[in-house]
Amino acid sequence: MTFEHLGLSTDLLRAVALQGYTEPTPIQQQAIPAILQGQDVFASAQTGTGKTAGFTLPLLQLLNINPNHKHRHPRALILTPTRELADQVNESVKTYGKFLSLKTAVVYGGVSIGPQIQTLRRGVEILVATPGRLIDHLGQKTVDLSQVEILVLDECDRMLDMGFIRDIRRILAILPPSRQTLMFSATFSGEIQKLANTLLKSPTLIEVASRNTAASQVEQMVYPVDRSRKRELLSYMIGFHNWKQVLVFTRTKHGANRLAEQLAQDGLKTTAIHGNKSQAARTRALKDFKDGKVRVLVATDVASRGLDIDQLPHVVNFELPNVPEDYVHRIGRTGRAGKEGRAISLVCSDEYAFLKSIEQLLNQRIPQHVIAGYEPTSPGSRGTEQPQHQRANPVRGNRNHSQKQAPPTQSKKPKPVGNRDRKRLHTA
Ligand code: AMP
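Remember, predicted model here, so these are calculated numbers, not experimental data. (Residues numbered from 1 in each chain as written. Predicted model: local features only at pLDDT ≥ 70, side-chain atom pairs only at ≥ 80, totals over all residues. Heavy atoms only, no water.)

1. A look at the sheet that holds strand 9 (residues 246-249)
And then number 1: Spatial ordering of the open sheet is given by 8-13-12-9-11-10, a layout of six strands whose pairing is parallel. Each end of this open sheet is capped by a strand with a single partner; those strands are strand 8 (218-224) and strand 10 (270-273). Across this sheet, the average inter-strand angle for adjacent strands is 20 degrees, counted without regard to direction.
And then number 2: Bridge count for strand 8 against strand 13 (residues 341-347) is seven bridges, and the pairing is parallel. Among the inter-strand pairings, Glu219 is bridged to a residue of strand 13, identified as Arg342.
And then number 3: Packed onto the sheet, helix 12 (residues 279-290) meets strand 9, strand 10 and strand 11 (296-299) and runs at close to 145 degrees relative to strand 11. (Pairing = 2+ DSSP bridges. Helix = DSSP H or I, 4+ residues; strand = E, 2+ residues; numbered from the N terminus. Axes fitted to C-alpha atoms, helices over the stretch in contact; angles between N-to-C directions. Contact = heavy atoms within 4.5 Å.)

2. Quick word on the environment of Gly54
And then number 1: Assignment of secondary structure puts Gly54 in helix 3 (residues 51-65).
And then number 2: With 26 residues separating them along the chain, Gly54 and Gln28 place their C-alpha atoms 4.4 Å apart.
And then number 3: Contact partners of Gly54, with chain neighbours within four places excluded, come to Gln28, Ala31, Ile32 and Ile35.

3. Description of the packing of aromatic side chains
And then number 1: Taken as a whole, this structure holds four aromatic pairs when the rule is applied.
And then number 2: Pairing Phe55 with Phe184 gives two aromatic rings, centres 5.1 Å apart and planes at 50 degrees, and the pair type is tilted. Within this pair, whereas Phe55 is found in helix 3, its partner Phe184 is found in strand 6 (residues 180-185), the two being separated by 129 residues in sequence. Of the two residues, Phe55 and Phe184, neither departs from the other in class, the shared state being buried.
And then number 3: Ring geometry for Tyr236 against Tyr374: centres 5.9 Å apart, planes inclined by 20 degrees, an arrangement best described as stacked. Within this pair, whereas Tyr236 is found in helix 10 (residues 230-241), its partner Tyr374 is found in the loop between helix 15 (352-362) and helix 16 (419-422), the two being separated by 138 residues in sequence.
And then number 4: Classification of Tyr236 by relative accessible area gives buried; the value is 1%.
And then number 5: Taken together, the ring pairs connect Tyr236, Phe240 and Tyr374 into an aromatic cluster.
And then number 6: Between Arg14 and the ring centre of Phe99, over which it is positioned, the NZ or CZ distance is 3.7 Å.
And then number 7: We note Lys230 situated over the ring of Phe318; from NZ or CZ to the ring centre the distance is 5.7 Å. (Phe/Tyr/Trp six-rings, centres within 6.5 Å; stacked < 30°, edge-to-face > 60°. Buried < 20%, exposed > 50% of the residue type's maximum accessible area, 1.4 Å probe, protein only. Lys NZ or Arg CZ within 6 Å of the ring centre and 35° of its normal.)

4. Some details on the pairing of strand 6
And then number 1: In terms of residue burial, strand 6 counts as a mostly covered element, since six of its six residues are buried.
And then number 2: Of the two faces of strand 6, the one carrying Gln180, Leu182 and Phe184 and the one carrying Thr181, Met183 and Ser185 are both buried.
And then number 3: Here strand 1 (residues 41-44) runs beside strand 6; their pairing, made up of four bridges, is parallel. Residue pairing across strands places Ala43 opposite Phe184, the latter belonging to strand 6.

5. Remarks on helix 2 (residues 26-36)
And then number 1: The complete set of buried residues in helix 2 reads Ile27, Gln28, Ala31, Ile32, Ala34 and Ile35.
And then number 2: In this structure, the buried side of helix 2 is in contact with strand 1, helix 3, strand 6 and strand 7 (204-207).

6. Things to note about the nonpolar core
In a soluble, globular protein the nonpolar side chains are often hidden away together inside.
And then number 1: Membership of the largest hydrophobic core comes to 38 residues, with the highest contact counts inside it found for Leu57, Ile78 and Ile126.
And then number 2: Considering each element in turn, this core owes the most residues, seven residues, to helix 3.
And then number 3: If we skip the residues at most four places from it in the chain, Leu57 touches Phe3, Leu8, Leu12, Val16, Ile32 and Tyr96.
And then number 4: Core analysis: the next-biggest nonpolar cluster, separate from the first, contains 31 residues, Val107, Leu145, Leu160 and Leu199 among them. (Core = buried A, V, L, I, M, F, W, Y, C linked by side-chain atoms within 4.5 Å.)

Quick look at the structure:
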């Protein structure tokens, strides 16, 4: 299967070739023809599957073959949960639309609204937006959505998690009902299904990675360790394995800052991104990380959403998320576009309930490895498996750590996770 088989125009094929893509990914193979035929689409696909090109390429083609010479108001609206994702989608629109003359713009909060108003006034055909800022523009009547022909809801589950449902419903209420709607979500919760039922007309269902399943090329591991020793173990692992680029997740903004400082003290070039950082600071941090100037990027779930980093080899859960779906999102940052990746979770005794929920969601057990010298003092693990690594000294310091097969640890039945526990305890 090649991109030529999908019915894309020469201008789009040229742009795709420039990116070096030789073969469409499974989601692209399914989504592109369906969207070109004007169908609504409900796709379950994580970041890393090539979903952005999967909706952007046909969207560009549809707008291009039905030109609207007035070019005043947006004809395609793409809603994303975060500014980072909005920027990335906008970049993709520009990249794939390089040989077309469709105007695109991005609007999100946290930056001044003035320049966005100017851009909208000049007229755009494709608008990428986060829901909150779009509502501001609607309130100020600086955007007119009456000409929208195609609506994309990207990372829909995350938009709902972030509490955007009311904003989304307000936006939906003013869009022309005759539009084509494309919904993308990494997970299918009841709420997502409900939204899809009210929004989509006879949609084409696309499910590439099976439902709620972590990308198969991601090797997952759990390292039981006491909370107080997690930072030391993480520094050791980064040094020992000589990881050059590692994305580390914490649950809170404060935790992200503190860990970044501690890792920096350990001599690792580290930076943190979270919701309290300015957009400029987040963009800079991401660029430094991508360019290899920063080795460790510590992020909260919200800040990391939609990070587009090619071939990220390692993702570390410094703390497990209390919402199991977040685990799937986090580890979706690695093992992307066919590359292998590794997702490592440092788990202390009070996180075993979270681990159990994650394993239930994935319907699989994640192998556990205890590292000698870091054996947890409190019980919690459900047993161990053969470690894969060899003995060695850490790169920094002379601590003489070694890894050995762990003694069987006491297993403790994790507490069931109730609704209250599942609620996001911290926001980022
Ligand atoms: P996405 O799932 O949209 O976040 O895309 C993940 C990554 O895959 C991005 O870095 C894209 O540039 C890349 N990508 C998208 N489509 C292809 C393709 N057909 N072949 C290779 N890489 C691709």
